[in-house]
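Reading the structure
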Amino acid sequence: MSGGADSVALAWWLHELAARPATRVNCAGLIHVNHALRGADSDADEAFCRALAARLGLPIEVVHAPVLRTRRSPEVAARAARYDALALAAGRLGASRIATAHTADDQAETLLLRLLRGAGTRGVSGIRAQHGAVVRPLLACRRSTLRAFLVARGETWREDASNADLSIPRNRVRHELLPALERVAAAIAPGGPGGINALARCAALAADDEAYFSSVVTAFVSRTVVAGTAAVIPLDALRAEPAAIARRVIRAVAERVAPGHAWSARHLEAVHRLAARAQGGGQLDLPGVFVERVSNEMRFRARSRGSETPVGPFEYRLDVPGEVVVPEAGLVFVAARVDARPASPAAPGERGEPGVPGEHNEHDTIVIADPGPCVVIRNRRPGDRVGMGSGRGTRKLQDLMVDRKIPRGERDRMPLVVGSNGHILWGPGLRPPGGARPGTPEGGMVVLMVRKLEKA
């Protein structure tokens, strides 16, 4: 209970409901969360709630949860802190349900905000009538109805001055967009339900649709996907599903692999496009998870703290012939000189080209023209460029990494093979690999073997 009209009306309604002889509702108590966002006004809200609890004869849990300044808006931070506080306080009160006072007006505001951000059916389904232990029994009621309920009983409530601040998107929707929609709805359908009720009904219907989609996705994931800190979706199975299901499967798997991260529609669409491509691999660096297309699979793996933290510069000399360990990439490079071109050498990038460092098969090979007595294995440097071959000049390494969708967290770990002249001869996931070309029979060539570094 914040002390606002909606929550005060909910408290009185539940109190009266619990007093009825045949009711199954028993009020365990009230919970007030003081975020200390409005100074003396916040303290006055707390005092009001304590006084109302005393009049109702109910215990009250007052939780002080100041909102710290973060990159999130104060409203979003307060909401997260509030639900954490509600769950803990409900436990202390012995409550089996937490009732919040969301109304049809709140539902309409939420739906419009999500629509304006490009939400799909899941977002348009809005506020749920029940989510876990949280129930919202007033979700079909209008805010004006609740105020009339209080006025009829001679009850007062607290007004939050911040609700008039139009710099807050929800307030702008509440004070500017919803009144305009109500006027338009009255003109289009006189005597109809009105704009707010129509939006609330839309959200309820979308919630029913989403419940069905969720059951289909749950069944797909349970029979097809093994998920933990990593997961694999067979590409054929994913492609066989309609786009509406495929996107939800992608979200469900990502949430299992990396729970607690915010995925937008843009992220889902990027993975869906990668899966739908006719051919080729690719990687995506998304919130909390790396997604990679390899062969006939979509692979998801949680990003570890180590993979998110860039490594420092590294550089290793590799003599030809010779061997060098690159621990930052988790790889071993072995160089061997070949005096004559094999009859059918593997073209660079066609065999064993690694997409993400540390994910290679045994004995991946790179065939390059003879670079001299040695090469250098290092990570990227500012200003690096890669030769495109066939007289096409060079491109920035950074641009190629973006084009090849190499995850940001892996770019500093990616080993580059650099010749004695400073030219980049090869890098995993880079095509064309510049100077990495088979040598001529008379000129000879060097074959680099790449294998994983065995863990101790």
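Residues numbered from 1 in each chain as written. Predicted model: local features only at pLDDT ≥ 70, side-chain atom pairs only at ≥ 80, totals over all residues. Heavy atoms only, no water.

When pLDDT is averaged across the protein, the result is 81; 84% of the residues are at 70 or more. Within the protein, no element has a lower average pLDDT than helix 12 (residues 305-308), which sits at 46, and none a higher one than helix 6 (residues 143-152), at 95. Segment residues 305-309: pLDDT under 50, and 7 contacts once partners within four positions in sequence are set aside and those in other chains are kept. Across residues 341-363, confidence stays below pLDDT 50; counting only partners more than four residues off in sequence or on other chains, it has 51 contacts. (pLDDT = per-residue confidence, 0-100. Helix = DSSP H or I, 4+ residues; strand = E, 2+ residues; numbered from the N terminus. Contact = heavy atoms within 4.5 Å.)

Here we take up the nonpolar core. Ranked by internal contacts, the top residues of the largest apolar core, which has 29 residues, are Met 298 and Phe 300. For this core, the elements supplying multiple residues, two or more each, are helix 8 (195-224), strand 7 (230-234), helix 9 (235-240), helix 10 (243-257), helix 11 (265-276), strand 8 (282-286), strand 9 (289-294) and strand 10 (297-302). Considering each element in turn, this core owes the most residues, 8 residues, to helix 10. Aside from chain neighbours lying at most four places away, what touches Met 298 is Ala 231, Val 232, Ile 233, Leu 235, Leu 238, Val 271, Leu 274, Ala 275, Val 291, Glu 292 and Arg 293. Counting residues in each nonpolar core, the second largest holds 22 residues, with Leu 14, Leu 17, Leu 58 and Leu 138 among its members. (Core = buried A, V, L, I, M, F, W, Y, C linked by side-chain atoms within 4.5 Å. Buried < 20%, exposed > 50% of the residue type's maximum accessible area, 1.4 Å probe, protein only.)

What follows concerns the sheet that holds strand 3 (residues 98-99). Pairing is mixed in the open sheet, where 3 strands are placed in the order 3-5-4. Strands at the two margins of the open sheet, each flanked by one partner only, are strand 3 and strand 4 (130-131). Here strand 3 pairs with strand 5 (residues 134-135) via 2 bridges, running parallel. Along strand 5, the bridge assignment pairs Ala 99 with Val 135. (Pairing = 2+ DSSP bridges.)

Next up on the list: helix 1 (residues 5-18). With 14 residues, helix 1 should cover 20 Å at 1.5 Å per step; its first-to-last C-alpha distance of 20 Å lies within 8% of that length. The element helix 1 is extensively covered by neighbouring structure, given that 10 of its 14 residues are classed as buried. For helix 1, the complete set of buried residues consists of Ala 5, Asp 6, Ser 7, Val 8, Ala 9, Leu 10, Ala 11, Trp 12, Leu 14 and Leu 17. (Expected span 1.5 Å × (residues − 1).)

A word on the pattern of salt bridges. Per the counting criterion, the structure on display carries 28 salt bridges. For Arg 50, the salt bridge goes to Glu 46, with nearest N and O atoms at 3.2 Å. Linking Arg 50 with Glu 46, this pair stays in helix 2 (residues 40-56), spanning 4 residues, or about one helical turn. Taking the relative accessible area as the measure of exposure, Arg 50 reaches 40% and is therefore partly exposed. The residue Glu 109 makes a salt bridge to Arg 143 at a minimum N-O spacing of 3.3 Å. In this pair, Glu 109 sits in helix 4 (residues 104-116) while Arg 143 sits in helix 6, placing the two residues 34 residues apart along the sequence. Several salt bridges converge on common partners, so that one network encompasses Asp 6, Asp 106, Glu 109, Arg 143, Arg 170 and Arg 174. (Salt bridge = Lys/Arg side-chain N within 4 Å of Asp/Glu carboxyl O.)

This part takes up the packing of helix 10 against helix 11. The description of two helices packed together rests on the angle between their axes and the distance between the axes. Across the interface, helix 10 lies against helix 11 with an axial gap of 10 Å and an inter-helix angle of 110°. Put simply, helix 10 runs roughly perpendicular to helix 11. Considering how the two elements wind past one another, helix 10 and helix 11 form a crossing that is right-handed. Contact with helix 10, carried on its side by Ala 243, Ala 246, Arg 247, Ile 250 and Arg 251, involves Leu 268, Glu 269, Val 271 and His 272 of helix 11 and no other residues of that element. Within the contact of helix 10 with helix 11, the residues separate by chemical class into 5 nonpolar, 1 polar and 3 charged. (Axes fitted to C-alpha atoms, helices over the stretch in contact; angles between N-to-C directions. Parallel < 35°, antiparallel > 145°, perpendicular 65-115°, else oblique. Left-handed = near helix turned anticlockwise from the far one by under 90°. Nonpolar A, V, L, I, M, F, W, Y, C, P; charged D, E, K, R; others polar.)

All right, on to a positive patch on the surface then. Residues Arg 79, Arg 82, Arg 114 and Arg 117 make up a contiguous surface patch of positive charge. Counting through the fold element by element, Arg 117 comes out in the loop between helix 4 and helix 5 (121-124). The exposed category is assigned to Arg 117, whose relative accessible area is 64%. (Patch = residues over 30% accessible without salt bridge, like charges linked within 9 Å, V, L, I, M, F, W, Y side chains within 5 Å. Areas by Shrake-Rupley, 256 points an atom, 1.4 Å probe, with all protein chains shown as cover. Lys, Arg positive; Asp, Glu negative; His and termini not counted. Charge placed at Lys NZ, Arg CZ, Asp CG, Glu CD.)

Here the focus is helix 8. Taking 1.5 Å of rise per residue, 30 residues should cover 44 Å, and helix 8 covers 43 Å from first to last C-alpha, within 8% of that figure. Those residues of helix 8 not exposed but buried are Gly 195, Ile 196, Leu 199, Ala 200, Ala 203, Ala 206, Ala 207, Glu 210, Val 217, Phe 220 and Val 221.

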